[in-house]
Amino acid sequence: VFFLLGRAVTHYFNKKKKGEKPPLIIIGKDTRLSCYMLEQAFASGVCSQGGKAILTGPLPTPGVAFAIKSMRAEAGVMISASHNSFEDNGIKIFDRWGDKLPDEIEEELEKMILGKQEIPIMHGENLGRAKRLDEIVGRYIVYVKSTFNPIYDLEGIRIVVDAANGAAYKIAPMIFEELGAEVITIGNSPNGRNINFETGATSPQQCMEAVKKYRADLGICLDGDADRLTLIDSRGEVVHGDRLLGLLARFQKEIGALEDGDEVVGTIMSNLGLEEYIKSLGLKFFRANVGDRYILNRMKDEGSYFGGEPSGHIIFKKYSTTGDGILAALKVIECLKHFKNNLHDLADEIQMYPQVLINTKVKNKRPFNDVPQIKDSLNNFNKELGDEGRIMLRYSGTESLARVMVEGKDYQKVKDICEELSKTVAKELSL
């Protein structure tokens, strides 16, 4: 499949390209075992269509987007399953501007793979070649460091960096050390099988303990492809992603960085407390669909400066076209320097509504409004919450799950409603 996808991607972008030079395709990866064979398979597909494949080795997803623009490539891919365990793998495809492909182009590539759209076969001198270019890592390090305001440095700051044994296992510690921080590193010994295993953004317990043990000022947990982060304050406590977004909004407004617009972009999963806080700053708040692609699309359409998800994907449009955990951490540190305060106290100013999320197994994914019992329950519970809460129902894009999320001011009410609605969803959709 990866060979066929390499052919399809190269053929598609070759058609779009003007000139006689073969299309240049960047191929990045994380550290999971299957990446070795998948990058070779994809690169073989590129070469079979006359393309030039550049293999970067382990590189964060935002590093791939950066490399595409830096090298003026036609496209690029990141081979990664993000925060999933090493057995899983996947691919993210970017165009020449470092943007993820829209659905319609992905559908066209799928038709090519399935043979519904014929791709010409190339021979002899028309074949392409592949090259490994390790120096891309150095270029990306220099670029990320350049986004940190030069009026600040990290001298005197002790940071625990958890790289999840993933794509940033070398890059992340180097960046923070070169900016002057004392760095304690965990999750930086990948063996192909330990990516995200009891470490990283989705399993921050090791980092929390290390922050307390070494009396660090901050803990930074990245995921497998380093496009998101979880931050740990000096007390060893996780700081909610929505609180980070609110804190950054306050900071960006105060330093006058929102010159392109006064809107902050969140998602349909963003906490109501964040929305209220953003509006209290005199800023607008917009909820995009879940996924950094949709956040970026809204930012481009409205000229918004930055946005993000509760999970820790934060995008600064000026610097990147995708979430970047390292860059976002540096912007948070700028914020701490500016306000001359610690992360715990600053984040504590943003009050979150209690939120309960239950993942419910389902056998089919019918539209919720087509199921009378679910529709009626949803209407009744929405009336019960009124203006002091909300309910979100959506299906997982990769699993047979319905995600039931309820939030409001009264935790017990939120919990009871979420449990009852989850039972109804399970009963009606498991038939």
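Quick note: structure is the one above.
Residues numbered from 1 in each chain as written. Predicted model: local features only at pLDDT ≥ 70, side-chain atom pairs only at ≥ 80, totals over all residues. Heavy atoms only, no water.

(A) View of the sheet that holds strand β1 (residues 24-29). Pairing is mixed across the open sheet formed by five strands, whose spatial order is β4-β3-β1-β2-β5. The sheet terminates laterally at β4 (91-95) and β5 (129-132), the two strands that pair on one side only. Each adjacent strand pair in this sheet contributes to an overall mean axis angle of 20°, direction not counted. Here five bridges tie β1 to strand β3 (residues 75-79), and the two strands are oriented parallel to one another. (Pairing = 2+ DSSP bridges. Helix = DSSP H or I, 4+ residues; strand = E, 2+ residues; numbered from the N terminus. Axes fitted to C-alpha atoms, helices over the stretch in contact; angles between N-to-C directions.)

(B) Quick look at the environment of Arg 139. Within the secondary structure, Arg 139 is located in helix α5 (residues 135-146). Classification of Arg 139 as partly exposed rests on a relative accessible area of 31%. Put simply, Arg 139 and Phe 66 are 73 residues apart on the chain and 9.1 Å apart in space, counted from C-alpha to C-alpha. Contact partners of Arg 139, with chain neighbours within four places excluded, come to Phe 66, Ser 70 and Met 71. (Buried < 20%, exposed > 50% of the residue type's maximum accessible area, 1.4 Å probe, protein only. Contact = heavy atoms within 4.5 Å.)

(C) Molecular detail of the side chain of Ser 80. Within the secondary structure, Ser 80 is located in the loop between β3 and β4. Note on Ser 80: relative accessible area 5%, which makes it buried. Here the side chain of Ser 80 touches Asp 30 through a polar contact of 2.7 Å, side chain to side chain. Not counting chain neighbours up to four residues away, the residues in contact with Ser 80 comprise Asp 30, Arg 32, Asn 89, Gly 90, Ile 91 and Asp 225. (Polar contact = N/O pair within 3.5 Å; in protein donor to acceptor, adjacent residues only side chain to side chain.)

(D) How the structure looks around a positive patch on the surface. Judged by side-chain charge, Lys 21, Lys 52, Arg 129 and Lys 131 come together as a positively charged surface patch. As for its placement among the helices and strands, Lys 52 is situated in strand β2 (residues 52-58). (Patch = residues over 30% accessible without salt bridge, like charges linked within 9 Å, V, L, I, M, F, W, Y side chains within 5 Å. Areas by Shrake-Rupley, 256 points an atom, 1.4 Å probe, with all protein chains shown as cover. Salt bridge = Lys/Arg side-chain N within 4 Å of Asp/Glu carboxyl O. Lys, Arg positive; Asp, Glu negative; His and termini not counted. Charge placed at Lys NZ, Arg CZ, Asp CG, Glu CD.)

(E) Quick peek at the nonpolar core. Core analysis: the biggest nonpolar cluster contains 72 residues, and Phe 176 and Phe 306 have the highest contact counts within it. Considering each element in turn, this core owes the most residues, ten residues, to helix α11 (residues 325-339). In contact with Phe 306, not counting residues within four places along its chain, are Leu 245, Leu 248, Ala 249, Gln 252, Leu 258, Glu 263, Val 264, Val 265, Met 299, Ile 314, Ile 315 and Phe 316. Core analysis: the second largest hydrophobic core is formed by 24 residues, Ala 8, Tyr 12, Val 77 and Ile 93 among them. (Core = buried A, V, L, I, M, F, W, Y, C linked by side-chain atoms within 4.5 Å.)

(F) Quick peek at the packing of aromatic side chains. In this structure the tally under the stated criterion is nine aromatic pairs. Where Tyr 12 meets Phe 13, the ring centres are 5.1 Å apart and the plane angle is 85°; that geometry is what we call edge-to-face. Residue classification places Tyr 12 among the buried residues on the basis of a relative accessible area of 6%. Ring geometry for Phe 148 versus Tyr 152: centroids 6.4 Å apart, planes at 50°, classification tilted. (Phe/Tyr/Trp six-rings, centres within 6.5 Å; stacked < 30°, edge-to-face > 60°.)

(G) Here's a closer look at helix α3 (residues 61-70). Counting buried positions along α3 gives eight out of ten residues, so the element sits mostly inside the fold. The set of residues buried in α3 consists of Thr 61, Pro 62, Gly 63, Val 64, Ala 65, Phe 66, Ala 67 and Ile 68. Residues of α3 that are buried make contact with β1, β3, β4 and α5. Where α3 terminates, the next one or two residues include Arg 72, which has phi positive at roughly 55°.

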